[in-house]
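Coordinate analysis (summary)
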Number of protein chains: 2
Amino acid sequence: MNVVLSRDGQVRAMETTVVSAEKHFGQLCSLLAAHTRKTARLRDAGDRLVKQLIALASSETPELRATLQDVAEDLAKVQDYRQAQVERLEAKVVEPLKLYGTQIKQTRAEIKKFKRVQSNEIKQLERLEKLRQKSPSDRQVISQAENRVQRASVDASRTTRQLEDTVDAFQRRKLKDLQRVFLDFVTIEMVFHAKAVEVYSSACRTLGSYDPERDLQDFQAKMWGVPGHFEARPLTDATLGPPASQSAQCTLGGQREEEAGGDDSAEETALEELQGQEQGRRH
Amino acid sequence: MNVVLSRDGQVRAMETTVVSAEKHFGQLCSLLAAHTRKTARLRDAGDRLVKQLIALASSETPELRATLQDVAEDLAKVQDYRQAQVERLEAKVVEPLKLYGTQIKQTRAEIKKFKRVQSNEIKQLERLEKLRQKSPSDRQVISQAENRVQRASVDASRTTRQLEDTVDAFQRRKLKDLQRVFLDFVTIEMVFHAKAVEVYSSACRTLGSYDPERDLQDFQAKMWGVPGHFEARPLTDATLGPPASQSAQCTLGGQREEEAGGDDSAEETALEELQGQEQGRRH
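Now for a look at the structure at hand. Throughout this description, residue numbers start from 1 for each chain and increase along the sequence as written. By the order in which they are written, chains take letters starting at A while ligands take numbers starting at 1. For this predicted model, a pLDDT threshold of at least 70 governs which residues receive local features, and a threshold of 80 or more governs which side-chain atom pairs are given and counted, while totals over whole chains, interfaces and linings are taken from all residues. Neither water nor hydrogens contribute to the side-chain values; these are computed over all heavy atoms in the structure.

Observations regarding the packing of aromatic side chains
As a reminder of what qualifies: Aromatic rings from Phe, Tyr and Trp, taking only the six-membered ring of Trp, are treated as a pair when their centres fall within 6.5 Å; an angle between ring planes under 30 degrees marks them as stacked, one over 60 as edge-to-face, and anything in between as tilted. Secondary structure elements follow DSSP: runs of H or I of four or more residues count as helices, runs of E of two or more count as strands, with numbering from the N terminus. The rule is simple: take the accessible area with a 1.4 Å probe, protein chains only, and divide by the maximum for that residue type; under 20% is buried, over 50% is exposed, in between is partly exposed.
Overall, the coordinates contain six aromatic pairs over all chains when judged by the stated rule. Between the aromatic rings of phenylalanine 25 of chain A and tyrosine 100 of chain A, the centroid separation amounts to 4.3 Å while the plane-to-plane angle is 20°, which identifies the pairing as stacked. Of this pair, phenylalanine 25 of chain A sits in helix α1 (residues 2-58) while tyrosine 100 of chain A sits in helix α2 (residues 62-134), and the two are 75 residues apart along the sequence. Here the two residues phenylalanine 25 of chain A and tyrosine 100 of chain A agree in accessibility, since each one is buried. Between tyrosine 100 of chain B and phenylalanine 170 of chain B, the ring centres sit 6.2 Å apart and the planes meet at 35°, which makes this aromatic pair tilted. Residue tyrosine 100 of chain B is located in helix α2 (residues 62-134), and its partner phenylalanine 170 of chain B is located in helix α3 (residues 139-208); the two are separated by 70 residues in the primary sequence. The exposure classification of tyrosine 100 of chain B matches that of phenylalanine 170 of chain B, with both residues buried.

Some details on helix α4 (residues 212-224) of chain B
Each α-helix winds once per 3.6 residues, and so residues spaced three or four apart point in a common direction. Residues and elements named next belong to chain B. Using the following cut-off: Here, expected helix span is obtained from the residue count minus one, scaled by 1.5 Å. Throughout, the arc means the angular range of directions from the helix axis out to the C-beta atoms.
A rise of 1.5 Å per residue sets the reference length of α4, with its 13 residues, at 18 Å; its end C-alpha atoms lie 18 Å apart and thus fit the reference within 8%. Residues Pro212, Asp215, Leu216, Phe219, Gln220, Met223 and Trp224 constitute the buried set of α4. Viewed along the axis of α4, the buried residues span an arc of 140°, placing them on a single side of the element. Within α4, the exposed residues directed more than 90 degrees away from the buried face are Arg214 and Lys222. Downstream of α4 by a residue or two, glycine 225 has a phi angle that is positive, lying close to 70°.

Focus on empty space enclosed by the protein
Keep this limit in mind: Site definitions follow a grid-based scheme: protein atoms alone, a 1 Å grid, a 1.4 Å probe that fits but cannot get out for cavities, and for pockets an open set with protein on both sides within 12 Å along at least five of seven lines, plus lining residues having an atom within 4 Å of a point. Grid points are joined across faces, edges and corners, and a volume is the space filled by probe spheres set on the points. When residues are sorted by character, Ala, Val, Leu, Ile, Met, Phe, Trp, Tyr, Cys and Pro go into the nonpolar class, Asp, Glu, Lys and Arg into the charged class, and all the rest, Gly among them, into the polar class.
Scanning the entire structure with this criterion turns up three cavities of 30 Å³ or more. Within this model, the largest cavity holds a volume of roughly 90 Å³. Along the wall of the largest cavity there are 15 residues; nearest its centre are Leu42, Arg82 and His193 of chain A together with Leu42 and Arg82 of chain B. Looking at the lining of the largest cavity, the elements with two or more residues in it are α1, α2 and α3 (139-208) of chain A together with α1 (2-58), α2 and α3 of chain B. Split by residue class, the lining of the largest cavity holds four nonpolar, seven polar and four charged.

Set out below in structure tokens:
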């Protein structure tokens, strides 16, 4: 009977392992699906921004038109990469986690099957006990009951080994799947962000080299019929430095060229602010 | 009268410029605000994922627990950077575009004022014409009317110059603001994505160096009380290569170390798929 009780404890521990995995993997799956959906919505917002940029460009002076069209193209590229990211997250992260649900159900079915075998063993043992009390001298009946106990016990111990194998394989697969799914998640995100950095750097250079002065002359020629109407006037409300200094904004960290060297480049400020805010929010 | 008509044409052109800017900037502002909101929702989804990862970690074996906790920490960092990105987008992109609406309203008010001055000039001209037809010999009355026309004309031409200045400054500011806002937008995005690449690389290395075998032994010891119960058995359903090859997944493009050198690393596949899908979607 001791062996039977110890088996019962093992089954409970196995059930706990599988039920806990079912719960956590289910939640993980829906949270990763939500992350994927929100990413898709960000892509949609980006697509709308691209359309508006193209509309804006068409109503602007030539230099700005060309600049905005280039930037719109870059933004569209980011959305294309985001679309690929969404598709890969679905295929490599959300789907495998969904399939994992099936694997868990199979393991639970195995545990159920074992419980039936185990309860048959207990039933046969109880039957033998009763017969021994009722008719202790009926050797033939007791011997038959002992045989049934014997067979049920052999069944139970074989099923136990099978179940041990199943639960071991389940745990092994769970650990490897968790590693695989998160490794894929992290890689898909990393590759997307790296592509985005590339594309935004290009957009940054395009915008940095835009010079509004030529467009202003074009505007003045169209509006007043006087080319260079404002040429000699100094700009008092200029909020920007000369275009040359703006290209410094487009080089990140260690890649910054010697010639840029502006201590107060927007990118550095951006980095400092990001770090400052990051510390402020949760630490 | 020709001068007056030409002025009328100019005012219409100026109105078109300002009204078109109002429309496009308004739409741009709400689309960039939507992009910022969707980014904030992605951050929220990320925060929930972090919590779930921490919950999952707490129910797992020691090695996996430590690994998942590290990954959760990295994911939380990405959300902190995303929070900083949201705050910066609001302050440097959405807010300036909102303020720009006020600037547009002021310019429209200037145009309205000019229209009043211009219609006064036309009224005085018509009055003079009537007087000349009604009492062509009344020199004094005609002279007074001529003086009023003269004053109205001086007013109109002074206001025209003011309006030209206003619209020129408006256009100049519009071009520079567009450049500034988009340069800020692109820089904020670029800096965020660069930070995300850094953090995900770290998470990728953490996950790549996780070895499930030690956890399996721990699990088996707890479950069956037999350490190393499965040690000798080869794994048939392994979906992963050895841990060493997984670290290749965490190096991007040109930075890949010589030693990794796997042609079919997941990261390369990811890049190829991203590029393939990007071409498939819109080109």
